[in-house]
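Each chain, letter by letter, is given below.
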Amino acid sequence: MLKLRFLVVGAGAVGGYFGGRLMESGQDVTFLVRPRRQEELASRGLVIHSTQGDFHSPVQTLTPGQPGGPFDVVLLAVKAYHLEQTIQDLLPYVGKDTVILPLLNGMVHLDRLQEVFSPGQVLGGLCLIEATLNDAGEVKHFGERHHLFFGERDGSESERVRRLEQAMEKARFEGIRSGEILRRMWEKYLFLATFSGVTCLMNSAIGPIMETGKGSALTRRLLDEIASAARRREPTLDEDLVEKVYDMIRFLEPSMKSSMLRDMEKGASVEGDHLQGVLLQMAGEEADLPLLSTVYTRLQIYEARRVE
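None of these values were measured; they are calculated from a predicted model.

**Q** Could you give me a rundown of the overall build of the chain, with the residues and numbers involved?
**A** Each helix and strand in the chain was counted, giving 12 helices and 10 strands. Out of the 308 residues belonging to the chain, those deemed buried represent 54%. A total of about 13,700 Å² of accessible surface is found on the chain, and carbon and sulfur atoms cover 48% of it. Considering the chain, the positive charge centre built from 36 side chains and the negative charge centre built from 43 side chains are found 3 Å apart.

Structure representation (C-alpha cells):
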C-alpha cells in the first residue's frame, strides 16, 4: 500500500469522515482544526457512526501556526465561507510538491485557490455523502453513499493522481479517479443547489416534496433555472446532464435532507451566498429566475434572523 502524508483541513462531517477512513486504512493523517475542536478530539478521539461501519480512534491534530508539514496531500473539507481564512492558515503547510484536493461545494473556489497556489497543484474534487456532526462532535453518516471523486482539471492522467488513487485503495469509502472531474463538479453543483434549495424552501426532507405533483414540478423548474444560470459560466452543460441531475433527485431516499437544511435545523450558518447567490451573479441582473431568487431570499432571511 502506498502511504502518503495527508493534511485534512477541517474535522467536521466531511473531513472527519474521509480523514478518519484514510487513517483507519493506515494512511498518515493529520487534521488542521481550531483549538476548540482540537480539545474535543484530544478528549474523545474521532468518532464515526456509519452504516458502513463505526470507527473510533485518537488522531493527530494541528492548530493554525503550529509547526508541521509540508504534506503530500491537503484535503480541503471546509465550508465555502471559511475559504479565505483557511487559505491563510494553510500556507505554512504547503510545499512545492503538495497536492491540494478541495471538496468544497460549488465551483468558484477553484479560481481562488489557483490565484494563491500554483494552478498545477490544485486538483478537481467532490464528495457525495450525507453526514453531519452530532452535539457530541461525532460524525454521523447516513445512507450508502460515501464517494470521493478526484482528477486533473484538464482531464489528463498523471502520476500524482495515480498515487492518490493507490493511497485510497484500502480506505472504507469509494475513492474514484475521474477523467472528467469538472463536469462531475458541475453535475454536483446543479444537484446540490436544487436539492438544498427546495428542501430549505419547504423545510422538508425530499420525499414529501417529490410525492406531490406540484412539489416535483417546482423542483424541476428550480433545476431548470439553476442550469440556465450555470450555463452563463459553462455553456457545455447540456440537457442530458440536467435530466441526469433530476433523476438523481427523484430517486433519493425519501428521508434524505440536504446538509444545508441540517445546518438550518442546528441554527448554523449556511452556504447560500456561495451556492445560490453565486448562481444569481453568474446569470446577471437581467435574468428572470424567480424560484432561484426566492430560495436565495429565504436563505438570506434565515441568516439575518440567525445573527440577531
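Having seen the model, we can carry on.
**Q** Run through the environment of Gly-155, naming residues and quoting values.
**A** In this fold, Gly-155 is placed in the loop between β9 (139-151) and α5 (159-168). Taking the relative accessible area as the measure of exposure, Gly-155 reaches 29% and is therefore partly exposed. Taking the C-alpha atoms as reference points, Gly-155 and His-109, separated by 46 residues in sequence, lie 19 Å from one another.

**Q** Outline the state of the cysteines, listing residues and values.
**A** Summed over the entire model, instances satisfying the criterion amount to 0 disulfides. Free of any disulfide, Cys-127 has its nearest neighbouring cysteine sulfur in Cys-200, separated by 17 Å. When its relative accessible area of 5% is taken as the criterion, Cys-127 is described as buried.

**Q** Talk me through the nonpolar core; I want residue IDs and the actual numbers.
**A** The nonpolar side chains of a soluble globular protein tend to be buried, and buried together. The biggest cluster of nonpolar side chains holds 68 residues, and the ones touching the most others in it are Leu-7, Tyr-189, Leu-190 and Leu-279. Examining the composition of this core, we find that 11 residues originate from one element, helix α6 (residues 181-202), more than from any other. The contact partners of Leu-190, leaving out residues within four places of it in the chain, are Leu-223, Ile-226, Ala-227, Ala-230, Leu-237, Val-242 and Val-245. One finds Leu-4, Met-23, Val-139 and Leu-164 within the second-largest nonpolar core, a separate group that totals 35 residues.

**Q** Which residues make up helix α12 (residues 290-306), and what values do they have?
**A** An ideal rise of 1.5 Å per residue puts 24 Å on 17 residues; α12 measures up with 24 Å between its terminal C-alpha atoms. Listed as buried for α12 are Leu-291, Leu-292, Val-295, Tyr-296, Leu-299, Tyr-302 and Glu-303. Down the axis of α12, the smallest arc covering the buried residues is 135 degrees, so these residues share one side. In this structure, the buried side of α12 is in contact with α6, α8 (213-230), α10 (259-265) and α11 (273-283).

**Q** So what's going on with the side chain of Arg-21? Residues and values would help.
**A** On the secondary structure map, Arg-21 appears in helix α1 (residues 13-24). Note on Arg-21: relative accessible area 0%, which makes it buried. Among the polar contacts made by the side chain of Arg-21, one reaches the side chain of Ser-50 at a distance of 3.5 Å. When near neighbours in sequence (up to four residues on either side) are disregarded, Arg-21 contacts Ile-48, Ser-50, Gln-52, Gly-53, Asp-54, Phe-55, Ala-171, Arg-172 and Phe-173.

**Q** Describe the UniProt feature "domain: Ketopantoate reductase C-terminal" (unreviewed entry) in the chain, with residues and values.
**A** Residues given the UniProt feature "domain: Ketopantoate reductase C-terminal" (unreviewed entry) here are residues 181-301. Along residues 181-301, the helical share is 72% and the strand share 0%, with 34 Å between the first and last C-alpha atoms.

**Q** Any details on the pattern of salt bridges? Residues and values, ideally.
**A** Should the charged atoms of two oppositely charged side chains come close, the side chains can pair. Tallied over the entire structure, the rule returns 26 salt bridges. Two residues, Arg-172 and Glu-24, come together in a salt bridge whose shortest N-O distance is 2.3 Å. Here Glu-24 lies in helix α1 and Arg-172 lies in the loop between α5 and β10 (174-177), a separation of 148 residues in the sequence. Residue classification places Arg-172 among the partly exposed residues on the basis of a relative accessible area of 33%. Each of Glu-157, Glu-159, Arg-162, Glu-165 and Arg-177 takes part in one network of salt bridges that share partners.

**Q** Describe α5, and please don't skip the residues or the numbers.
**A** Buried residues of α5: Val-161, Leu-164, Ala-167 and Met-168, and no others. Down the axis of α5, the smallest arc covering the buried residues is 120 degrees, so these residues share one side. Buried residues along α5 sit against β1 (5-9), α1, β6 (73-76), β7 (99-102), β9 and β10.

**Q** Can you break down the environment of Gly-106 residue by residue, with the values?
**A** Note that Gly-106 resides in the loop between β7 and α4 (109-116). Separated by 35 residues in sequence, Gly-106 and His-141 have C-alpha atoms that sit 22 Å apart. In contact with Gly-106, not counting residues within four places along its chain, are Met-185, Tyr-189 and Leu-275.

**Q** Quick one: what's the story with the pairing of β9, residue by residue and with numbers?
**A** As defined by bridge partners, strand β3 (residues 46-50) adjoins β9 across 3 bridges and the pair is classed as parallel. Following the sheet pairing, His-49 is matched in β9 by Lys-140. Summarising the sheet, strand β8 (residues 124-133) and β9 pair through 10 bridges and their orientation is antiparallel. Bridging from a neighbouring strand, Gly-125 pairs with Phe-150 of β9. Bridge count between β9 and β10: 4 bridges; the pairing is parallel.

Rules of the game
Residues numbered from 1 in each chain as written. Predicted model: local features only at pLDDT ≥ 70, side-chain atom pairs only at ≥ 80, totals over all residues. Heavy atoms only, no water. Helix = DSSP H or I, 4+ residues; strand = E, 2+ residues; numbered from the N terminus. Buried < 20%, exposed > 50% of the residue type's maximum accessible area, 1.4 Å probe, protein only. Areas by Shrake-Rupley, 256 points an atom, 1.4 Å probe, with all protein chains shown as cover. Lys, Arg positive; Asp, Glu negative; His and termini not counted. Charge placed at Lys NZ, Arg CZ, Asp CG, Glu CD. Disulfide = S-S within 2.5 Å. Core = buried A, V, L, I, M, F, W, Y, C linked by side-chain atoms within 4.5 Å. Contact = heavy atoms within 4.5 Å. Expected span 1.5 Å × (residues − 1). Arc of directions from axis to C-beta. Polar contact = N/O pair within 3.5 Å; in protein donor to acceptor, adjacent residues only side chain to side chain. UniProt positions renumbered as here; feature names shortened; annotations may be inferred. Salt bridge = Lys/Arg side-chain N within 4 Å of Asp/Glu carboxyl O. Pairing = 2+ DSSP bridges.

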